Amino acid sequence: MSTVEFTPRQRETEAITAHVLWMTTGLGCDGDSVAMTSATNPSLEDIITGAIPGMPRVVVHNPVIAYEQGEDFMRAWFAAERGELDPFVLILEGSLGNEKINGAGHWSGLGTDPSTGQPITTNAWIDRLAPKAAAVVAVGTCATYGGIPAMAGNATGAMGLRDYLGWRWTSKAGIPIVNIPGCPAQPDNMTEMLVHLVFALAGMAPVPELDDAGRPTSLFGRTAHESCNRAAFYESGNFATEYGSDHRCLVKLGCKGPVVKCNVPLRGWQSGMGGCPNVGGICMACTMPGFPDKYMPFMEEAGNARISSAIARFTYGPILRWGRSIEMRRRYDKEPEWRHNRAELTTGYSKRW
Ligand code: SF4
Ligand code: SF4
C-alpha cells in the first residue's frame, strides 16, 4: 500500500472487502455480463485489482467470468445466506418468472438445495439474499422492468426486480433497488454505478439519486434525443430517408430517442466509440420500462414524432436552415479583413505607451 493517502480514510476503506453476488440466472441472455467486460471507465479489472484509491476491495462472483465452477462457485451464495459475506451487493441480471404459476417445474434456478437435491429457484435466492444485502441492483432491462421476456404473450409471467420485491423495497442499508436498464446496459454505466455504490457503502459518497423508475439521475437524467449529435438536424427539419444515407436525423426511420431516457448517444458504447442514433442505428428505447411492446414496430415513425417532425420540416426548419447558411456564407465562413500580409496594420491596435 502507498505511504501517501490520496483520499481521506484511504487505508481504512481499502481494508474493507465488499462482495458482489451477480446472479445471471434471471430470464436473460447474460448480455449485461458480457457488455460489462468491455467497460473502460472504470474497467472491471480496475475494480477487482483495486486500482482506484480509497475503494474497498471488491470480489465479484459472476458465473460468466468466475474461475470456480459448480459447487465451488456456489460456496459464496451459501456463505452470504449464512451471513458470512458482509457487506455484499446483490445484482440480478434477467427477469424473474412468476414461480406461482410454474406448474410442476420452475422457470429459472441456480444451484441445488443440499437437503432436497432440488434446484433453488432464482426467486428463492432473491428471497434469501435480498434482506441481507447492503444494496440490491438490477442490471439490464429484463431485471429492471421485465424487458423482452416479459413481452405480451409470454408464458412465464416475467417481471422486473421491483415488481417482485415491491417498488418501495429498500435494503438493510436503506437503499432502494438501483435500476441500471439497457438491453444490454451500457458497460460504463454498470461499472461506474458499482463503484459509486461501493464508495457509498464505505461512507465516502452519497447514495445515488434515483428517478421515479429507479434509475440513477446522473446516468438517465436526459433523453437520448437531448444527447444525440443528430438533434440539430431534427431542429432544422432535415431527416434521413434511408438507412446509411448520411448523418441526418433518423426519426422518420423509427428512432424513438425523443421519448427515451438514455445516455448512450452521449457516452458512446466503448471508450466513447459507438452508440445507437449517434452512429446511424435507430434508438429502440431499450432502457425504458415500456420496452419493447410500447415502442413496436421499431422501424416505423412514432405518432408524436410524426407531428413534431412535420412541424419542423414544413415551418421553421427550412427558415432556420436558410437563415443560418446565408449568415455563415456571408459572415462567419470568412476571416476578418485585418488578417493580411500587407505592409500596414489594420487590426485596430492603438499603442498605449
Ligand atoms: S436520430 Fe433519434 S435521437 Fe437523434 S436527433 Fe434524431 S430522433 Fe433524436
Ligand atoms: S440509445 Fe436507445 S437503443 Fe441505444 S442503448 Fe439507449 S435506449 Fe437503447
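As named in an unreviewed UniProt entry, the protein is NADH ubiquinone oxidoreductase 20 kDa subunit, taken from Conexibacter woesei. Under the UniProt heading Subcellular location (unreviewed entry), the note attached to the protein is "Cell envelope". Among the UniProt annotations of the protein, the heading Cofactor (unreviewed entry) holds the following wording: "[4Fe-4S] cluster".

Caption draft 1: Focus on a nonpolar patch on the surface. On the surface, Val34, Val64 and Ile65 cluster together to form a nonpolar patch covering roughly 210 Å² of accessible area. The topology assignment puts Ile65 in the loop between strand E2 (57-61) and helix H4 (70-81).

Caption draft 2: Molecular detail of the site of ligand 2. Taken together, Val260, Cys262, Val264, Cys276, Pro277, Cys283, Met284, Ala285, Cys286 and Thr287 form the complete shell of residues around ligand 2. Mapping ligand 2 onto the cavity grids shows that it belongs to the second largest pocket. Looking at the shell around ligand 2 residue by residue, the class counts come to nine nonpolar, one polar and no charged.

Caption draft 3: Focus on the UniProt feature "domain: Cytochrome-c3 hydrogenase C-terminal" (unreviewed entry) in the protein. Within this structure's numbering, the places UniProt gives as "domain: Cytochrome-c3 hydrogenase C-terminal" (unreviewed entry) are residues 220-298. Annotation note: span residues 220-298, helix share 18%, strand share 0%, distance between end C-alpha atoms 21 Å.

Caption draft 4: Examining the site of ligand 1 more closely. Close to ligand 1 lie His225, Cys228, Arg230, Ala231, Tyr234, Cys249, Leu250, Val251, Cys255, Gly257, Pro258 and Pro277. Most atoms of ligand 1, that is more than half of them, are within 2 Å of grid points of the largest cavity. Of the residues belonging to the shell around ligand 1, the class tally is nine nonpolar, two polar and one charged.

Caption draft 5: Spatial organisation of the pairing of strand E6 (residues 135-139). With respect to burial, E6 is a largely interior element, five of its five residues being buried. Here E6 shows a buried face lined by Ala135, Val137 and Val139 and a second buried face lined by Val136 and Ala138. Note that strand E3 (residues 88-93) and E6 share five bridges and pair parallel. Bridge pairing links Glu93 to Val139 in E6. Direction of pairing for E6 relative to strand E7 (residues 178-180): parallel, over a ladder of three bridges. When the bridges of E7 are listed, Val137 appears paired with Val178.

Caption draft 6: Examining the pattern of salt bridges more closely. All told, the structure shown has 14 salt bridges when counted by the stated rule. As a salt-bridge pair, Arg215 and Asp211 come within 2.9 Å of each other at their nearest N and O atoms.

Caption draft 7: Seen up close, the packing of aromatic side chains. Within this structure, the stated rule accounts for five aromatic pairs. Ring geometry for Tyr145 versus Trp167: centroids 6.4 Å apart, planes at 10 degrees, classification stacked. You can see Tyr145 sitting in helix H6 (residues 140-145) and its partner Trp167 sitting in the loop between helix H7 (161-165) and E7, a full 22 residues away along the chain. By relative accessible area, which is 36% here, Trp167 ends up partly exposed.

Caption draft 8: Focus on the nonpolar core. Leu21, Trp77, Leu90 and Trp125 are the most contacted members of the largest nonpolar core, which totals 28 residues. For this core, the secondary-structure elements that each account for two or more residues are strand E1 (17-23), H4, E3, helix H5 (122-129) and E6. Per element, the largest residue contribution to this core is seven residues, and it comes from H4. Each residue touching Trp77, except ones within four places of it in the same chain, is listed here: Leu21, Trp22, Met23, His61, Leu110, Trp125 and Leu129. Formed by 27 residues, the second largest nonpolar core is a distinct cluster that contains Met55, Ile175, Ala185 and Met190.

Thresholds, definitions, all that
- Residues numbered from 1 in each chain as written.
- Chains lettered and ligands numbered in written order.
- Predicted model: local features only at pLDDT ≥ 70, side-chain atom pairs only at ≥ 80, totals over all residues.
- Heavy atoms only, no water.
- UniProt positions renumbered as here; feature names shortened; annotations may be inferred.
- Patch = residues over 30% accessible without salt bridge, like charges linked within 9 Å, V, L, I, M, F, W, Y side chains within 5 Å.
- Areas by Shrake-Rupley, 256 points an atom, 1.4 Å probe, with all protein chains shown as cover.
- Salt bridge = Lys/Arg side-chain N within 4 Å of Asp/Glu carboxyl O.
- Helix = DSSP H or I, 4+ residues; strand = E, 2+ residues; numbered from the N terminus.
- Near = heavy atom within 4 Å.
- 1 Å grid on protein atoms, 1.4 Å probe; cavity = no way out; pocket = protein on both sides within 12 Å on 5 of 7 lines; lining within 4 Å.
- Sits in = over half its atoms within 2 Å of the grid points.
- Nonpolar A, V, L, I, M, F, W, Y, C, P; charged D, E, K, R; others polar.
- Buried < 20%, exposed > 50% of the residue type's maximum accessible area, 1.4 Å probe, protein only.
- Pairing = 2+ DSSP bridges.
- Phe/Tyr/Trp six-rings, centres within 6.5 Å; stacked < 30°, edge-to-face > 60°.
- Core = buried A, V, L, I, M, F, W, Y, C linked by side-chain atoms within 4.5 Å.
- Contact = heavy atoms within 4.5 Å.

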